[in-house]
Amino acid sequence: MSKTKVMLDENEAPKYFYNILPDLPEGLSPPLNPKTKEPISPTDLEAIFPKEVIRQEVSLEKRIPIPEEVRDTLIRMGRPTPLFRAVGLEKHLKTPARIYFKHEGLNPCGSHKPNTAVAQAYYNAKEGVETLATETGAGQWGTALAYACMMFGLKCKVFMVRNSFEQKPGRKIMIESYGAEINSSPSMKTAYGRAVLAKSPDTPGSLGIAISEAIEVAVSNPRTKYSLGSVLNHVLLHQTIIGQEAKMQLAKIEEKPDVLIGCVGGGSNLGGLIFPFVKEKLDGKADYELVAVEPSACPSLTKGEYRYDFGDTAGMTPLMKMYTLGCEFIPPPLHAGGLRYHGMAPTISLLAHKGVVKAEAYPEKEVLEAARLFARTEGIIPAPESSHAIRSAVVHALECKRKNEAKTIVFNLSGHGLLDLNFFKGGG
Ligand SMILES: *Cc1c(COP(=O)(O)O)cnc(C)c1O
C-alpha cells in the first residue's frame, strides 16, 4: 500500500457517530435558560431544533448509529476522505517528522461542514420541517446547509456575516446555485438585524449577530427550524467520522500519531478529528498531543475566560459554560471568517480547561505564509481557516528538526481555499 495516500473503501465508512460525552473527565455544566438562568430542559429547545437532534445533544450513548440515508449521502459526496502524507512540505522543511493531513476539502462544498449538515437536514426533513434558517461566517457552513437541504427537499435561509459577504462573493453564488436564500447580516429581514443596523450602520457583522437573526426567523415561523454548524455537542458528534476514518487509515500504515492538530472557530473540525483519540489519552494508553489553533485576533481559548456566556450576540441562545471573549466581542475582519467566533464548543472548552487539549494562536501574516508554503509544496490552495492548522504543523515539524525527533504529525485540512483567493492576493 502507498504511504503517501491512504484510502478507505466505502464499506469502511463509519456506521456510528462517536459520542465523547460519556468519556469526558467530568460531566458538562448544563446549558442555562437565558431568562431564568436555570438549567434548560431539552423540550425548551424544541422551538428551534428537531427532537432527534436534541436527543443527540444530551445523549450519553457511546455510539449513535448513522441512518442509512445519511451514510449513503456522505458516500455520494466522496466519503471516506483520503489521508495524505505531506511529502513536499516535509522535504521543504527538512524535518525528520512525518506530516499527514486529512483532506476534508474534496467534497462538492469544499469543507468538513457537510458532515453535520447532511445529518441535520435529514433529521429535520424526517420530522416534517419545511425550512432551515442558519448563519454563516466565511460561507462554508451556508454552502453545506444549502447543499444538504437541496438533498432532502428543504428550503434554506442563510444569514452571512457582512464582512465575508462582501469579501467572498463566490460563496453567495454557490449558495444560491443550491437554491437557498442568502442575506448579508445584519439584515433588514429581522427585528434584531434592523436594531443593529440602526445603531452601527457600518458594522462588519459577526457570527454572534447572524446567529441571533437566524434564530429569530426560526422562532417566529412554525415550520422553520434553526441549524448550527459548530459549537454544539451534536455537531461535533457528527464530525467524529473524520477522526474514526483517520484512526483506521493510520492503523493501515502502522502509524501512531504523536500530534493531532485542528484549527478552531467553534471547535467542530478539531473535535471531529480528535474525539476518537481522547479516551486513550485520558486512560494513559497513549500520549497524544492535541492542539487547537486559533487566530491571534480572535483568541477564545488562549485569552478568553472559562465561564457561562451566550452563544449569540442578542442573548437568545442558552448560556453555555465555555471559553469566551464575551458575546458582545466583535472580532476584527479576517480572511478566516470561519474562525471569527467569540466562544468555543463546551466539550473542547472542558478538555482545554483540563489540559487535555492545548491551544496555540497565530497572527494572520504567519498563517498566510504557511498557506503559501503549502500551495507551493503540496499544490493545494488551503482555506484560510485550515491554514492555521498548517502553520501549527510547520511549527511542530520545525521543532522536531531542532530536537531531531521523528514525530508523526496529523492535521485536519478542514477545507480548500478556492473561494477565498483574495487571501492569497499578491503572490508573495
Ligand atoms: C467553519 C470552518 C472552520 C471553523 O469551524 P470549526 O467548527 O471550528 O471547525 C474551519 N475550517 C473551515 C474550512 C470551515 O469551513
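Residues numbered from 1 in each chain as written. Predicted model: local features only at pLDDT ≥ 70, side-chain atom pairs only at ≥ 80, totals over all residues. Heavy atoms only, no water.

Caption draft 1: Main features of the pairing of strand 6 (residues 131-136). Buried residues dominate strand 6, accounting for six of its six residues. Here strand 6 shows a buried face lined by T131, A133 and E135 and a second buried face lined by L132, T134 and T136. Of the pairings in the sheet, the one linking strand 6 to strand 7 (residues 155-161) comprises six bridges and is parallel in character. Paired with T136 across the bridge in strand 7 is M160. Viewed along the sheet, the connection from strand 6 through helix 5 (residues 140-151) into strand 7 turns out right-handed. Here three bridges tie strand 6 to strand 9 (residues 224-226), and the two strands are oriented parallel to one another. Within strand 9, the position partnered with L132 by the bridge is K225. (Buried < 20%, exposed > 50% of the residue type's maximum accessible area, 1.4 Å probe, protein only. Helix = DSSP H or I, 4+ residues; strand = E, 2+ residues; numbered from the N terminus. Pairing = 2+ DSSP bridges. Right-handed = clockwise from strand over helix to strand, strands pointing away.)

Caption draft 2: Local environment of the site of the ligand. Near the ligand, the surroundings consist of 19 residues, among which K113, S230, G265, S268 and S414 are the closest. Note that an oxygen atom of the ligand is positioned 2.8 Å from one of the backbone N or O atoms of G267. Coverage of the ligand by the protein chains reaches 98% of its 380 Å² of free accessible surface. Class assignment of the residues belonging to the shell around the ligand gives a composition of four nonpolar, 13 polar and two charged. (Near = heavy atom within 4 Å. Polar contact = N/O pair within 3.5 Å; in protein donor to acceptor, adjacent residues only side chain to side chain. Areas by Shrake-Rupley, 256 points an atom, 1.4 Å probe, with all protein chains shown as cover. Nonpolar A, V, L, I, M, F, W, Y, C, P; charged D, E, K, R; others polar.)

Caption draft 3: How the structure looks around the packing of aromatic side chains. According to the stated counting rule, one finds eleven aromatic pairs in the structure shown. For the pair F49 and Y226, a centre-to-centre distance of 5.9 Å together with 40° between the ring planes defines the contact as tilted. Here F49 is found in the loop between strand 2 (16-18) and helix 1 (51-58), whereas its partner Y226 is found in strand 9, with 177 residues between them in sequence. In terms of burial, F49 and Y226 fall into one category: buried. Measuring from centroid to centroid gives 5.6 Å for Y122 and Y123, while their planes differ by 65°, and the two rings are edge-to-face. Grouped by ring-pair contacts, the aromatic residues F84, F101, F374 and F411 constitute a single cluster. Looking at R63, its charged tip hangs above the ring of Y16, at a distance of 4.0 Å from the centre. If you follow K247 out to its NZ or CZ, it ends over the ring of F277, 5.2 Å from the centre. (Phe/Tyr/Trp six-rings, centres within 6.5 Å; stacked < 30°, edge-to-face > 60°. Lys NZ or Arg CZ within 6 Å of the ring centre and 35° of its normal.)

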